[in-house]
Amino acid sequence: MSESPPAATVRTQVTVPLRFPDGYLTTARVFSFDGLVDGREHLAFGLGDRAGPVDRATARPSPPLVRPHSECLTGDVFGSRRCDCGPQLREAVERIADAGGYLLYLRQEGRGIGLYAKLDAYALQDAGLDTYEANLALGHRPDERDYTVAAQMLAALGVDRAALLSNNPDKAAQLQRLGVTVTARVPTGVHLSPANAGYLAAKAGRGGHALDLPLVRD
């Protein structure tokens, strides 16, 4: 049975040219929102044919490609190789720009436990725990992310059907429960390195992420 989260509205929308460290360029329509249930400053990036102002009267031939991407300061900004977040973000922007859709940038650092707690979890991982065990040892759930705000943002953008760019089955399950019809689950690439092999193995084995992990090569 689906839930109906409270309505949110678009607060501001502006055009922002984007440039990534590898030289990739595109243009996004960046949306902020009022009424999000957790009160945090989440953003939506409209890309490709969704990079213009929202117009509910414009018919779209197919559901947009959508990636809910959880903020990762260490990976997204500083290029940490302990995770795959930075490469997933870069991949998602280009693929969504090509297909047309939205990247939802969600302020849910460390699978929802926060930046400092994530670094505490890193220290425990260095002592031998995996990423899920470390969260539990700190008194958190393995994954504390709630995608209610993602459903609110999509509704505010006039999206009730979406192809989901994600390897995480929980994202699809939560969005479906929150009234978003997931028309397809589109896997991301596997951004494997010696530094994140254990992390990705835990995501596949403990988190149920759809990852086909090859052998790690330097």
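Residues numbered from 1 in each chain as written. Predicted model: local features only at pLDDT ≥ 70, side-chain atom pairs only at ≥ 80, totals over all residues. Heavy atoms only, no water.

Here we look at the overall build of the protein chain
And then number 1: When helices and strands are counted, the protein chain shows 8 helices and 7 strands.
And then number 2: Buried positions account for 47% of the 218 residues belonging to the protein chain.
And then number 3: Within the protein chain, residue pairs in contact and separated by at least 24 positions form 61% of the contacts whose partners lie at least 6 positions apart.
And then number 4: Taken as a whole, the protein chain presents about 10,600 Å² of accessible surface, with 52% of it coming from carbon and sulfur. (Helix = DSSP H or I, 4+ residues; strand = E, 2+ residues; numbered from the N terminus. Buried < 20%, exposed > 50% of the residue type's maximum accessible area, 1.4 Å probe, protein only. Contact = heavy atoms within 4.5 Å. Areas by Shrake-Rupley, 256 points an atom, 1.4 Å probe, with all protein chains shown as cover.)

Description of the state of the cysteines
And then number 1: For the structure shown, the criterion picks out 0 disulfides.
And then number 2: Free of any disulfide, Cys 72 has its nearest neighbouring cysteine sulfur in Cys 83, separated by 3.7 Å.
And then number 3: Cys 83 provides the cysteine sulfur closest to Cys 85, a residue in no disulfide bond, and the two sulfurs are 3.5 Å apart.
And then number 4: Judged by relative accessible area, which is 14%, Cys 85 ranks as buried. (Disulfide = S-S within 2.5 Å.)

As for the pattern of salt bridges
And then number 1: In the structure shown here, the tally under the stated rule is 10 salt bridges.
And then number 2: Ionic pairing is found between Arg 177 and Glu 3, a salt bridge with its closest N-O pair at 3.0 Å. Residue Arg 177 is located in helix α7 (residues 169-177), and its partner Glu 3 is located in the segment before β1 (9-19); the two are separated by 174 residues in the primary sequence.
And then number 3: According to the relative accessible area criterion, Arg 177 is partly exposed, its value standing at 35%.
And then number 4: A salt bridge links Lys 118 to Glu 109; the nearest nitrogen and oxygen atoms lie 2.5 Å apart.
And then number 5: Looking at Glu 109, the relative accessible area reads 7%, which means it is buried.
And then number 6: Among the charged side chains, a network of salt bridges with common partners joins Asp 22, Arg 90 and Glu 94. (Salt bridge = Lys/Arg side-chain N within 4 Å of Asp/Glu carboxyl O.)

Observations regarding the pairing of strand β2 (residues 25-34)
And then number 1: Counting buried positions over the 10 residues of β2 gives 7, a clear majority of the element.
And then number 2: In textbook terms, the turn of a hairpin is the stretch between consecutive antiparallel strands, and for β1 and β2 this stretch comprises 5 residues, one of which, Gly 23, has a positive phi near 95 degrees.
And then number 3: Pairing geometry for β2 and strand β3 (residues 43-47), over 3 bridges, is antiparallel. Within β3, the residue paired with Arg 29 across the bridge is Gly 46. (Pairing = 2+ DSSP bridges.)

Taken by themselves, the reported measurements are silent on function.
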